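Report on the structure
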Amino acid sequence: MGISTPIHDALAEALDALRGLDVSFDRPMDATSTDTEHDAGGRDDLPAPTVAGDAERIVALAWAEAADLGHGAFGTGHLLLALVRAEGPERGLLAEAGVTASTVGAAMALVASASLSEPVDGGGDGVPVAGPAVAEVLAAGASDGVVSAAGLLTALLARPWGQAAEMLAALGVDTDELTGALAGLAERPEPAPRPMPRDPSELLSSAWRRPAEA
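Everything in this summary refers to the structure shown in the same document. (Residues numbered from 1 in each chain as written. Predicted model: local features only at pLDDT ≥ 70, side-chain atom pairs only at ≥ 80, totals over all residues. Heavy atoms only, no water.)

**Description of the overall build of the protein chain**
Assigned secondary structure in the protein chain consists of 10 helices and 5 strands. Relative to its 214 residues, the protein chain shows a buried fraction of 36%. Summarising the internal contacts of the protein chain: among those between residues at least 6 apart in sequence, 71% fall at separations of at least 24. Element-wise, carbon and sulfur atoms account for 56% of the exposed surface of the protein chain, whose accessible area totals about 12400 Å². (Helix = DSSP H or I, 4+ residues; strand = E, 2+ residues; numbered from the N terminus. Buried < 20%, exposed > 50% of the residue type's maximum accessible area, 1.4 Å probe, protein only. Contact = heavy atoms within 4.5 Å. Areas by Shrake-Rupley, 256 points an atom, 1.4 Å probe, with all protein chains shown as cover.)

See below:
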């Protein structure tokens, strides 16, 4: 039997909510669409995507951010906070765009008091729950049924409203430029593995056996 923690429960809740959304994993979500009848299927007809380890860490950090801030739910803003704090290449891209731990924290504070498109639940007396936007971002960030940290950031950048969008706008971030940089990151070749160093003892023994020069 697996161990259940509030973080894993929050992730499971987000994935469970995902099954109730009218989305397809082979196309981006239409962020402006309000049509819930096309391609509509039952709650159990929509498979939840597989969440890669780096994306699960992002969701876990988002839950922790909401808990630390006393918020009753975590949303796209908390996912952005988590991407900034996680140790991953997405963090470096965000930092280059001016989205750092200090700036994004200030943007979160601003959005928490003023967001209309994705209000922040400030009544966090218990364990934070996943906001509905989290399930939507998980769906939009899935590629071939798998959600990665890069997919989460791509989905956040493509979303024109919500906490994350308002935070990025407040920081003056060009989301199109950042999206291009993120796509370029995915296309970079994997670095070649470094050759294994030789055992120093072998070098020493070889030198010891080398015949003396005449």
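**Points about unusual backbone geometry**
Residue D144 is not a glycine yet carries a positive backbone phi of 55°. Mapped onto the elements of the fold, D144 is located in the loop between β4 (142–143) and β5 (146–147). Taking the relative accessible area as the measure of exposure, D144 reaches 76% and is therefore exposed.

**Structural notes on the sheet that holds β4**
The strand order across the open sheet built from 3 strands is β1-β5-β4, with neighbouring strands paired in mixed fashion. On the outer flanks of this sheet lie β1 (50–51) and β4, each paired with one strand and no other. (Pairing = 2+ DSSP bridges.)

**Considerations on the environment of M167**
Within the secondary structure, M167 is located in helix α8 (residues 163–170). With a relative accessible area of 0%, M167 lands in the buried category. Along the sequence, M167 and G105 sit 62 residues apart, while their C-alpha atoms lie 9.3 Å from each other. Beyond its immediate chain neighbours, meaning those up to four positions away, M167 contacts G77, L80, L81, V104, A107, M108 and V111.

**Quick word on helix α5 (residues 101–114)**
Taking 1.5 Å of rise per residue, the 14 residues of α5 would be expected to cover 20 Å, and the 20 Å separating its terminal C-alpha atoms lies within 8% of that figure. Within α5 the residues assigned to the buried category are V104, A107, M108 and V111. The buried residues of α5 occupy an angular sector of 105° when the element is viewed end-on, so they sit on one face. Exposed positions of α5 whose direction lies more than 90 degrees from the buried face are S102, A109 and S113. (Expected span 1.5 Å × (residues − 1). Arc of directions from axis to C-beta.)

**Concerning the nonpolar core**
Within soluble globular proteins, side chains that are nonpolar generally end up buried alongside one another. Grouped together as the largest cluster of nonpolar side chains are 43 residues, with contacts concentrated most on I58, F74, L79, L80, L94 and M167. Listed by contribution, the elements that provide at least two residues to this core are α2 (53–69), α3 (76–85), α4 (89–96), α5, α6 (132–140), α7 (149–158), α8 and α9 (175–187). With 7 residues, the single largest contributor to this core is α2. Setting aside chain neighbours within four positions, we find L94 in contact with L80, L83, V84, V99, L153 and L178. (Core = buried A, V, L, I, M, F, W, Y, C linked by side-chain atoms within 4.5 Å.)

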